[in-house]
Amino acid sequence: MVIVHLPQSGRRGRGSVLVEACFWIAAVGSIVATVVYSLGPAPSELNAFPFADKVFHATAYGAITLTWLLAAVWRPGRGGGVLAGDGVPLVIGAIVLGAGIEVAQHFVSRDAQFLDAVADVVGALVGYAVWRLVRALDRSTSRA
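Residues numbered from 1 in each chain as written. Predicted model: local features only at pLDDT ≥ 70, side-chain atom pairs only at ≥ 80, totals over all residues. Heavy atoms only, no water.

Novice: Please give an account of the overall build of the protein chain that cites residues and values.
Specialist: Assigned secondary structure in the protein chain consists of 4 helices and 4 strands. The order of α-helices and β-strands along the protein chain, N terminus first, is β-α-α-β-β-β-α-α. Contacts in the protein chain between residues far apart in sequence, at least 24 positions, make up 76% of those at least 6 positions apart. If you sum the accessible surface of the protein chain, you get close to 8600 Å²; carbon and sulfur atoms cover 72% of it. (Helix = DSSP H or I, 4+ residues; strand = E, 2+ residues; numbered from the N terminus. Contact = heavy atoms within 4.5 Å. Areas by Shrake-Rupley, 256 points an atom, 1.4 Å probe, with all protein chains shown as cover.)

Listed below in structure tokens is the structure:
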């Protein structure tokens, strides 16, 4: 169950609004870039080194997960975001997105690969672990 949490009202400076906007732009941008690169022509960099494709998958889904957790759930200096909780629904959402894109690749003449989906899961879990670590180390904001 996802609980929507509205951040505490109070004076918010222009700087905090700018930071908030940057996090949301990064979160949306990470999904847009991943969808475009995943469903468009395969970039040549996917073969730059052994397992480059898997590294790119893990990095993309780690970025998606981390940016959405920071924008929507919790980040240092702001505390709780629009979604309350531990962020697990966003991690699951990133994993489902990755699986959905792998299925969609079949329809755009790209190769759907099980190991790509595994790399997506690994990336999402690493993004979540980094977020949890940052959250655990931060003492300046509430855990709402």
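Novice: Report on a nonpolar patch on the surface, specifying residues and quantitative values.
Specialist: Together, Phe-114, Leu-115, Val-118, Val-122, Val-126, Val-130 and Val-134 make up a nonpolar patch on the protein surface, roughly 610 Å² of accessible area in all. With respect to the helices, strands and loops of the structure, Val-134 is situated in helix α4 (residues 114-137). Take Val-134: its relative accessible area is 33%, and that puts it in the partly exposed class. (Patch = residues over 30% accessible without salt bridge, like charges linked within 9 Å, V, L, I, M, F, W, Y side chains within 5 Å. Salt bridge = Lys/Arg side-chain N within 4 Å of Asp/Glu carboxyl O. Buried < 20%, exposed > 50% of the residue type's maximum accessible area, 1.4 Å probe, protein only.)

Novice: Tell me about the confidence of the model for the protein chain, residues and numbers included.
Specialist: Across the protein chain, pLDDT averages 87, with 86% of residues at or above 70. Low confidence marks residues 1-11, where pLDDT is under 50. Its contacts with residues over four positions away, or in another chain, come to 16 contacts. (pLDDT = per-residue confidence, 0-100.)

Novice: Account for the packing of helix α2 (residues 52-73) against helix α3 (residues 88-105), naming residues and giving values.
Specialist: Between α2 and α3, whose axes approach to 9 Å, the crossing angle comes to 145°. Both α2 and α3 take part in a crossing whose hand is right-handed. Across from His-57, Tyr-61, Ile-64, Thr-65, Trp-68, Leu-69, Ala-72 and Val-73 in α2, the residues of α3 making contact are Leu-90, Val-91, Ala-94, Leu-97, Gly-98, Ile-101 and Glu-102. Within the contact of α2 with α3, the residues separate by chemical class into 11 nonpolar, 3 polar and 1 charged. (Axes fitted to C-alpha atoms, helices over the stretch in contact; angles between N-to-C directions. Left-handed = near helix turned anticlockwise from the far one by under 90°. Nonpolar A, V, L, I, M, F, W, Y, C, P; charged D, E, K, R; others polar.)

Novice: Any chance you could break down the nonpolar core for me, citing the residues and the numbers?
Specialist: In terms of nonpolar packing, the biggest core is built from 13 residues, with Leu-69, Val-73, Tyr-128 and Trp-131 touching the most fellow members. Elements with a minimum of two residues in this core: α2, α3 and α4. It is α2 that provides the largest number of residues to this core, a total of 6 residues. When residues no more than four places from it in sequence are discounted, the contact partners of Val-73 are Trp-68, Arg-78, Gly-79, Gly-80, Gly-81, Leu-83, Gly-85, Gly-87, Leu-90 and Trp-131. (Core = buried A, V, L, I, M, F, W, Y, C linked by side-chain atoms within 4.5 Å.)

Novice: An account of the packing of aromatic side chains is needed here, citing residue identities and associated values.
Specialist: If you walk through the whole model with that rule in mind, you get 4 aromatic pairs. An aromatic cluster is defined as three or more aromatic residues linked by ring pairs; in this entry it consists of Trp-74, Tyr-128 and Trp-131. (Phe/Tyr/Trp six-rings, centres within 6.5 Å; stacked < 30°, edge-to-face > 60°.)

Novice: Any details on unusual backbone geometry? Residues and values, ideally.
Specialist: One non-glycine residue with positive phi stands out, namely Phe-51, at about 65°. Looking at the element boundaries, Phe-51 is found in the loop between α1 (14-39) and α2. With a phi close to 60°, Ser-109 is a non-glycine residue in the positive phi region. Summarising the element assignment, Ser-109 is placed in the loop between α3 and α4.

Novice: Tell me what's going on with α3, and back it up with residues and numbers.
Specialist: Taking 1.5 Å of rise per residue, the 18 residues of α3 would be expected to cover 26 Å, and the 26 Å separating its terminal C-alpha atoms lies within 8% of that figure. Looking at α3, one finds that the buried residues are Val-91, Ala-94, Gly-98, Ile-101, Glu-102 and Gln-105. Buried residues of α3, viewed axially, fall in a sector of 105°; they line one side. For α3, the exposed residues set more than 90 degrees away from the buried face come down to Val-96 and Val-103. (Expected span 1.5 Å × (residues − 1). Arc of directions from axis to C-beta.)

Novice: Provide a residue-level description of the environment of Val-118, including the pertinent values.
Specialist: The topology assignment puts Val-118 in helix α4. The class for Val-118 is partly exposed, based on a relative accessible area of 33%. For the pair Val-118 and His-57, spaced 61 residues apart in sequence, the C-alpha separation works out to 9.0 Å.

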